[in-house]
Amino acid sequence: TLVRAGLLFHARGMINARAIQFNLDWVWPYWVERQFDPSDPSFIPRGYAPTHVNLTQRNWTAVGIPGAPVYPLVDPRGLVTPFFDGWSLDFWLMAADGRCLLPSKLAEADQSLLFHPELTVRTRVALDGLALDSRVWVELAEPGPVLKIRLAGACGPQGRLAVSVRPYNPEGIQFVETLASTEDGRTLEVDGTGRVRFDRGPAMVYLSNYEKGDVRAMQPEMERERIACGIGMATGAAVFPADAQGRAKLEVAVPLDVDLRRHCPEAIVGFHSWEDALRDTAKLEVSDSRVSFLYEAARRTLVLLSSAEIYPGPFTYRRFWFRDAVLMGNALLGLNLGGSLGRHLQRFPERQKHDGFF
């Protein structure tokens, strides 16, 4: 398992080395912007390294709901990866005079984890009079959970808000081969399966492939309804104008049922609200607000990462390990979630082979 995990990790690193190094004029995720900048403390000299992997900014956060083993990610600058090991969504502001707010290029951001009413990651960024506030959470819906993103930007009169589909995630390149916009522009389809829905139609949709370059340029020839990229580096952007007061508000929804079926084909125990899932769990009352926050965050993390399987993490470490399951299972007992742990223990016999190994 370790060999396989290492091979996959560095296989992506080899793709990163070919795709990123020669296209540094693109808008890249936060870890690339930092790690590839010689003036940044996170800079990693690449020299003769055959693989380029994220070694310095490994601090993304997952959102979700109890009982659903789908974990959309939010990186330190608000980049959202809806599906496991999939493409991402980035959000930009553009002022009428040419000023532009690209969160991944900023040195600072204000990010917080909120617990009510849903487990939510809030990211606030600002630069040169522009400001963007994003909130990301998962809601219960039919036929499955839905990722919701609420955006509020201040970009001045005639400013614009862009929602961009990006062919990467916090670990590196993730191919996007086709992008298509519906007739009313309210949905972007990614590789025929992912659907990014907007609460209103955009003023313009730009789609580009590797040959034409990053969609960030927003050239007139990029105004189209569909694009294909044989290299897997398609990018897209839906652009929404600000109102007369210079405010741009938008709600984005990404159904997660595709990811749920792909990574958990067996029957799910059942989705729950956070209130129901935590109702009988152990609570902590102390005067130290930081300790209280850490406890509440840990409580929700344990519930989230034990939905269908016990995982030590939502992305790179989304695989079963006996060591981590034992430690996390003990914590579940301490939370009064013995029923949840019992469900996992029932799977123990099938993990042991006839030769005694596990």
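Below: a short report on this structure. Note that the coordinates shown come from a computational prediction; the quantities given were computed from them, not determined experimentally. (Residues numbered from 1 in each chain as written. Predicted model: local features only at pLDDT ≥ 70, side-chain atom pairs only at ≥ 80, totals over all residues. Heavy atoms only, no water.)

## Concerning the packing of aromatic side chains
Applying the stated criterion across every chain, the model contains 13 aromatic pairs. Aromatic pair W26 and Y210: ring centres 6.1 Å apart, planes at 40°, arrangement tilted. Taken together, the positions of W26 in the loop between α1 (2–19) and α2 (30–35) and Y210 in the loop between β16 (204–208) and β17 (226–228) put the pair 184 residues apart, joining distant regions of the chain. Taking relative accessible area as the criterion, W26 reaches 3% and is therefore assigned buried. (Phe/Tyr/Trp six-rings, centres within 6.5 Å; stacked < 30°, edge-to-face > 60°. Helix = DSSP H or I, 4+ residues; strand = E, 2+ residues; numbered from the N terminus. Buried < 20%, exposed > 50% of the residue type's maximum accessible area, 1.4 Å probe, protein only.)

## Things to note about the side chain of D133
Relative to the helices and strands, D133 resides in strand β8 (residues 130–139). Reaching out from D133, the side chain makes a polar contact with the side chain of R122 at a distance of 2.5 Å. (Polar contact = N/O pair within 3.5 Å; in protein donor to acceptor, adjacent residues only side chain to side chain.)

## Details of the pairing of strand β10 (residues 160–166)
Taking burial as the measure, the 7 residues of β10 include 6 buried ones, the bulk of the element. In the sheet, strand β4 (residues 88–94) pairs with β10 via 7 bridges, with the strands oriented antiparallel. From the neighbouring strand, L93 faces β10, where its bridge partner is L161. Summarising the sheet, β10 and strand β18 (residues 235–241) pair through 6 bridges and their orientation is antiparallel. Paired with V163 across the bridge in β18 is A238. (Pairing = 2+ DSSP bridges.)

## Section: the sheet that holds β8
Here 9 strands make up an open sheet; going across it, the order is β6-β7-β8-β9-β19-β15-β14-β13-β17 and the pairing antiparallel. Each edge of the sheet is formed by a strand with only one pairing partner; in this case those strands are β6 (110–114) and β17. Across the sheet, the mean angle from the axis of one strand to that of its neighbour is 15°, orientation sign disregarded. Examined bridge by bridge, strand β14 (residues 187–190) and strand β15 (residues 194–198) share 4 bridges and lie antiparallel to one another. Along β15, the bridge assignment pairs T187 with R197. (Axes fitted to C-alpha atoms, helices over the stretch in contact; angles between N-to-C directions.)

## Side note on a nonpolar patch on the surface
Taken together, the side chains of L284, V286 and V291 define a hydrophobic patch exposed on the protein surface, amounting to about 200 Å² of accessible area. Within the element layout of this structure, V291 appears in helix α5 (residues 289–304). (Patch = residues over 30% accessible without salt bridge, like charges linked within 9 Å, V, L, I, M, F, W, Y side chains within 5 Å. Areas by Shrake-Rupley, 256 points an atom, 1.4 Å probe, with all protein chains shown as cover. Salt bridge = Lys/Arg side-chain N within 4 Å of Asp/Glu carboxyl O.)

## Description of the nonpolar core
Ranked by internal contacts, the top residues of the largest apolar core, which has 92 residues, are L89, L147, I149, V163, V196 and F198. It is β4 that contributes the most residues to this core, 5 residues altogether. Contacts of F198, omitting those with residues within four sequence positions, involve V163, G185, R186, T187, L188, A238, F240, L250, E251 and V252. (Core = buried A, V, L, I, M, F, W, Y, C linked by side-chain atoms within 4.5 Å. Contact = heavy atoms within 4.5 Å.)

## Digging into the environment of D324
Relative to the helices and strands, D324 is located in helix α6 (residues 322–334). The buried category is assigned to D324, whose relative accessible area is 14%. Remark: the alpha-carbon pair of D324 and V258, spanning 66 residues in sequence, is separated by 28 Å.

## Observations regarding unusual backbone geometry
Along the chain, H116 connects to P117 via a cis peptide bond; the corresponding omega equals 0°. With respect to the helices and strands, P117 occurs in the loop between β6 and β7 (120–127). Note the cis peptide between E142 and P143, where omega equals 5°. Mapped onto the elements of the fold, P143 is located in the loop between β8 and β9 (146–154). Phi at D191 takes a positive value of approximately 55°, unusual for a residue other than glycine. In this structure, D191 sits in the loop between β14 and β15. The exposure class of D191 is partly exposed, given its relative accessible area of 29%. Positive phi is not limited to glycine here, since M218 has a value of about 50°. Here M218 is to be found in the loop between β16 and β17.

## Notes on α6
For α6, which comprises 13 residues, the first-to-last C-alpha distance of 18 Å matches the rise-based estimate of 18 Å (1.5 Å per residue) to within 8%. Residues of α6 that are buried: D324, A325, M328, G329 and L332. Down the axis, α6 shows its buried residues gathered within 130° of arc, on one side only. Of the residues in α6, the exposed ones pointing more than 90 degrees away from the buried face are R323, V326, L327, N330 and G334. Taken from the residues just after α6, N336 is the one with a positive phi, measuring 75°. (Expected span 1.5 Å × (residues − 1). Arc of directions from axis to C-beta.)

## Overview of the pattern of salt bridges
Considering all chains together, one arrives at 24 salt bridges under this definition. The salt bridge partner of R99 is D97, with a shortest N-O separation of 3.0 Å. For R99, a relative accessible area of 27% puts it in the partly exposed group. Measuring nitrogen to oxygen at the nearest pair gives 2.6 Å for the salt bridge that ties R299 to E296.

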